[in-house]
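Chain residues, written in single-letter form:
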Amino acid sequence: MNALASSVPDVASNISTIGIPLGPYRNLTTLTAAILATHPQCLVLNHAASWMLEDRRLDFFWKGDLEQFLKAAVDHSFGGERGKVGGDIRLSHAFDDAAMRSLYERFNGDAVLTPNIRTLYWKDSMRVTNHMERLGIGPAEFTARYPQVRFLLPIRRPLDCARSNLRDKFRHLTSDPDPTKMDLTRIILEIIRNLTQHRAAVLTFTEKEMDGGFLARLCDFLGLDPIPEWIEAIETKLQVRKGYDHEPEEKEQYVEMVETMFFDDDAMRDRLLDLLD
């Protein structure tokens, strides 16, 4: 499964951009990572925070060495396990889809590491977000220190994201042992509010904005070539799942939360309200 066309040190030394999504789980992060994994210049590390953040030698958010982090990230990007342990993104549920596997093979063959790679995309959004908060580091401060880092904030419909997180991911959002959907919705909106205070350092996009030039913008942000054949192939297959149904009173509460939290940010308020349709 994991044919290697290049060595770990060689690939790590060629990486010039590191993309890191922030925000909650169940928030378009796996879809975005799977899309990027099919790009021949991008290597995706799925999860793996238990390896990367618990070793102080690798934790470059703290005092770890960036070069050692990159070597470890590349090394962990093939193999690993499905789920929170992570590793190879092709072990994730996104690649249960035959169409996604076919796209990967079309643009990468069976190789994980190739000399073409120049961007690492590390997908473990909530653990990284929580880790940065514990260390008191904001995206703007961090990108000033490491200009090769690019933070992203995908935004799925917050009510849908909250419902999905209720199943098994809410422990990363709250210490409350029994939160409601609206409790999680409020927390998710608070995360969006906090991260959009660093707008110059964080690329935000909602699920409704993943079309009409989105892939070209994403490539530009992450230092990838906007390969026309790749963009055309992905756009043909790109589809965000239909959202859940929610009770009218939940929608009313959502509108109230958004209007209260984003009273001074008309653009973000309107983008979030647009997700209610």
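All figures in this text were calculated on a predicted structure; none of them were measured in a lab. (Residues numbered from 1 in each chain as written. Predicted model: local features only at pLDDT ≥ 70, side-chain atom pairs only at ≥ 80, totals over all residues. Heavy atoms only, no water.)

What about the pairing of strand S3 (residues 42-46)?
Stage number 1. Counting buried positions along S3 gives five out of five residues, so the element sits mostly inside the fold.
Stage number 2. Where S3 and strand S7 (residues 119-123) come together, five bridges link them in parallel fashion. Counted as the bridge partner of Leu-43 is Leu-120 from S7. (Buried < 20%, exposed > 50% of the residue type's maximum accessible area, 1.4 Å probe, protein only. Helix = DSSP H or I, 4+ residues; strand = E, 2+ residues; numbered from the N terminus. Pairing = 2+ DSSP bridges.)

Structural notes on the confidence of the model for the protein chain
Stage number 1. Averaged over every residue, the pLDDT of the protein chain is 90; the share at 70 or more is 95%.
Stage number 2. The element-level mean pLDDT for the protein chain is lowest in strand S1 (residues 3-4), coming to 56, with helix H12 (residues 248-261) highest at 98. (pLDDT = per-residue confidence, 0-100.)

A short note on the nonpolar core
Stage number 1. Among the nonpolar cores identified, the biggest contains 90 residues, and Ile-20, Phe-61, Phe-69, Trp-122 and Leu-272 are the most heavily contacted of them.
Stage number 2. The dominant element in this core, judged by the number of residues it contributes, is helix H9 (residues 181-195), at eight residues.
Stage number 3. For Ile-20, the residues in contact, after removing those within four places along its chain, are Phe-60, Phe-61, Trp-122, Val-128, Val-149, Arg-150, Phe-151 and Leu-152. (Core = buried A, V, L, I, M, F, W, Y, C linked by side-chain atoms within 4.5 Å. Contact = heavy atoms within 4.5 Å.)

Digging into the pairing of strand S2 (residues 17-21)
Stage number 1. Counted residue by residue, S2 has five buried out of five residues, so it is predominantly covered.
Stage number 2. With three bridges joining them, S2 and S7 adopt parallel strand pairing. Within S7, the residue paired with Gly-19 across the bridge is Tyr-121.

Notes on H12
Stage number 1. Relative to the 20 Å expected for 14 residues at 1.5 Å per residue, H12 spans 20 Å between its end C-alpha atoms, a close match to the ideal helical length.
Stage number 2. Turning to H12, its buried residues number three or more, namely Glu-250, Tyr-254, Met-257, Val-258 and Met-261. The buried side chains of H12 occupy one side of the element, clustering within an arc of 95° when seen end-on. Turned more than 90 degrees away from the buried face of H12 sit Pro-248, Glu-252, Glu-256 and Thr-260, all of them exposed.
Stage number 3. Those residues of H12 that are buried lie in contact with helix H8 (158-168), H9 and helix H13 (266-274). (Expected span 1.5 Å × (residues − 1). Arc of directions from axis to C-beta.)

Quick word on the pattern of salt bridges
Pairing between side chains becomes possible if they bear opposite charge and their charged atoms approach one another.
Stage number 1. Applying the stated criterion across every chain, the model contains 13 salt bridges.
Stage number 2. Asp-55 is the salt-bridge partner of Arg-57, the closest N and O atoms lying 2.7 Å from each other.
Stage number 3. In this structure, Asp-124 engages Arg-127 in a salt bridge whose closest nitrogen and oxygen atoms are separated by 3.1 Å. An identical accessibility class is assigned to Asp-124 and Arg-127; each is buried.
Stage number 4. In the salt-bridge network here, residues are joined through shared partners; they are Asp-266, Arg-269 and Asp-270. (Salt bridge = Lys/Arg side-chain N within 4 Å of Asp/Glu carboxyl O.)

As for the packing of H8 against H9
Stage number 1. Here H8 crosses H9 at 120°, and the two axes come no closer than 8 Å. Considered as vectors, H8 and H9 are oriented oblique to each other. Between H8 and H9 the crossing geometry is right-handed. For the pair H8 and H9, the contacting residues are Pro-158, Leu-159, Cys-161, Ala-162, Arg-163, Asn-165 and Leu-166 in the first and Lys-181, Met-182, Leu-184, Thr-185, Ile-188, Leu-189 and Ile-192 in the second.
Stage number 2. The residue inventory of the contact of H8 with H9, partitioned by class, reads 10 nonpolar, two polar and two charged. (Axes fitted to C-alpha atoms, helices over the stretch in contact; angles between N-to-C directions. Parallel < 35°, antiparallel > 145°, perpendicular 65-115°, else oblique. Left-handed = near helix turned anticlockwise from the far one by under 90°. Nonpolar A, V, L, I, M, F, W, Y, C, P; charged D, E, K, R; others polar.)

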